[in-house]
Amino acid sequence: MADTAAALTVEEPLDLVRLSLDERIYVKLRGDRELRGRLHAYDQHLNMVLGEVEETITMVDVNDEVQTQSLRSVNRTVPMLFVRGDGVILVSPPSRAA
Amino acid sequence: MSEPANKRTPTDFLNSILGQRVFVRLNSGIDYKGLLSCLDGYMNIALEQTEEYVDGELRNRYGDAFIRGNNVLYISAI
């Protein structure tokens, strides 16, 4: 009973990540990179193994002649990815709204 | 003498604002507003009803968000 209750509650921030195991999550990384993928494993450093990953890289193109900047994003997919925890800024689980 | 006052630590402040709406600024300058659901010793943060602001403009909303503590510059209650 206590175990099942503890399994579902968020008492420390990493519980949010634990509750997202086997779910598709959003990960914001350093260097204007974003990942969407299924969380297979994680540890206390937030090293993660993600599957069916879509990576979005956002770049700023500067046009010197007309002094304008434009955002450009590149997508790629990776079947399986190990993410080193120190690059992680934010992790958002799928909405758990009832 | 003023022992209780000396025992107040930054962690006491953080515990006192649990459940409140907070403003979190990251080293990168990105700001988050949301309900502070919990924190840990690394200053990892769990927020609910999170709004992400870049250059003061709302960019994203997340139902729940985990922010890795090393990115945090400051936290304040709003």
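Keep in mind that what you see is a predicted model, and the values were worked out from it rather than measured. By convention here, each chain's residues receive numbers from 1 onward along its written sequence. The naming scheme follows written order: chains are lettered A onward, ligands numbered 1 onward. pLDDT decides what is reported in this predicted model: residues at 70 or higher carry local features, side-chain atom pairs at 80 or more are listed and counted, and totals for whole chains, interfaces and linings draw on all residues regardless. For side-chain calculations, the full set of non-hydrogen atoms in the structure is used, while hydrogens and water are omitted.

### With respect to the UniProt feature "domain: Sm" (unreviewed entry) in chain B
And step 1. UniProt positions are given in the numbering used here, feature names are shortened, and annotations may be inferred rather than shown by experiment. The sites that carry the UniProt feature "domain: Sm" (unreviewed entry) are, in the present numbering, residues 9–78 of chain B.
And step 2. The helix count covers DSSP runs of H or I at least four residues long, the strand count covers runs of E at least two residues long, and both are numbered beginning at the N terminus. End-to-end, the C-alpha atoms of residues 9–78 of chain B are 20 Å apart, and along that stretch the chain is 10% helix and 60% strand.

### With respect to the nonpolar core
And step 1. Formed by 20 residues in total, the largest nonpolar core has its most connected members in Leu90(A), Val24(B), Tyr32(B), Ile45(B), Leu47(B), Ile67(B) and Ile75(B).
And step 2. Contributing elements (two or more residues each) for this core: β5 (88–92) of chain A together with β1 (21–26), β2 (31–39), β3 (45–54), β4 (57–67) and β5 (72–77) of chain B.
And step 3. Not counting chain neighbours up to four residues away, the residues in contact with Ile75(B) comprise Phe13(B), Leu14(B), Ile17(B), Val22(B), Phe23(B), Val24(B), Leu39(B), Met43(B) and Ile45(B).
And step 4. We define a nonpolar core as any set of buried Ala, Val, Leu, Ile, Met, Phe, Trp, Tyr and Cys residues linked to one another through side-chain atoms lying within 4.5 Å. Relative accessibility decides the category of a residue: with a 1.4 Å probe and only protein chains considered, values under 20% of the type maximum give buried, values over 50% give exposed, and everything between is partly exposed. Of all hydrophobic cores here, the second largest spans 19 residues; its members include Val17(A), Met48(A), Val53(A) and Ala46(B). Contacts are assigned to residue pairs that have any heavy atoms within 4.5 Å of one another.

### A few points about the interface of chain A and chain B
And step 1. Counting from both sides, the interface comprises 21 residues of chain A and, opposite them, 19 residues of chain B.
And step 2. By definition, the buried area sums, over both parts, the 1.4 Å-probe accessible area that each loses when the two are put together. A combined buried area of about 1,600 Å² lies between chain A and chain B, and 59% of that area is made up of carbon and sulfur atoms.
And step 3. The largest contributions to the chain A side of the interface with chain B come from Pro13(A), Ile89(A) and Leu90(A), which together make up 34% of the buried area.
And step 4. Every case where a carboxyl oxygen of Asp or Glu lies within 4 Å of a side-chain nitrogen of Lys or Arg is listed as a salt bridge. Seen at the junction of chain A and chain B, the total is one salt bridge.
And step 5. Its salt-bridge partner being Glu52(B), residue Lys28(A) comes within 3.8 Å of it at the nearest N-O pair.
And step 6. Polar contacts, as used here, are pairs of N or O atoms within 3.5 Å; protein pairs need one atom able to donate a hydrogen and one able to accept it. Residues neighboring in sequence count only if both atoms are side-chain atoms. Where chain A meets chain B, there are seven residue pairs in polar contact (both at pLDDT 80 or more).
And step 7. Looking at the side of chain A that touches chain B element by element, the count peaks at five residues for β5(A).
And step 8. Residue classes follow a fixed rule: Ala, Val, Leu, Ile, Met, Phe, Trp, Tyr, Cys and Pro count as nonpolar, while Asp, Glu, Lys and Arg count as charged, and any other residue, Gly among them, counts as polar. Taken together, the residues of the side of chain A that touches chain B sort by class into 12 nonpolar, three polar and six charged.

### Let's talk about the packing of aromatic side chains
And step 1. Stacked, tilted and edge-to-face are the three classes applied to pairs of Phe, Tyr and Trp rings, where Trp contributes its six-membered ring and a pair requires centres within 6.5 Å; stacked means planes under 30 degrees apart, edge-to-face means over 60, and tilted covers the rest. Following the criterion strictly, the structure yields two aromatic pairs over all chains and no others.
And step 2. Here, a charge over a ring is recorded when the distance from Lys NZ or Arg CZ to the ring centre is within 6 Å and its angle to the ring normal is within 35 degrees. Of note, Lys33(B) hangs over the ring of Tyr53(B), and the distance from its end group to the ring centre comes to 4.9 Å.

### Examining the side chain of Glu34(A)
Residues and elements named next belong to chain A.
And step 1. One can find Glu 34 in strand β2 (residues 33–42).
And step 2. Although Glu 34 is buried, it forms no salt bridge, and the closest oppositely charged side chain is Arg 36 at an N-O distance of 4.4 Å.
And step 3. Here the side chain of Glu 34 touches Tyr 26 through a polar contact of 2.6 Å, side chain to side chain. Only four residue types enter the charge count: Lys and Arg as positive, Asp and Glu as negative, with His and the chain ends excluded.

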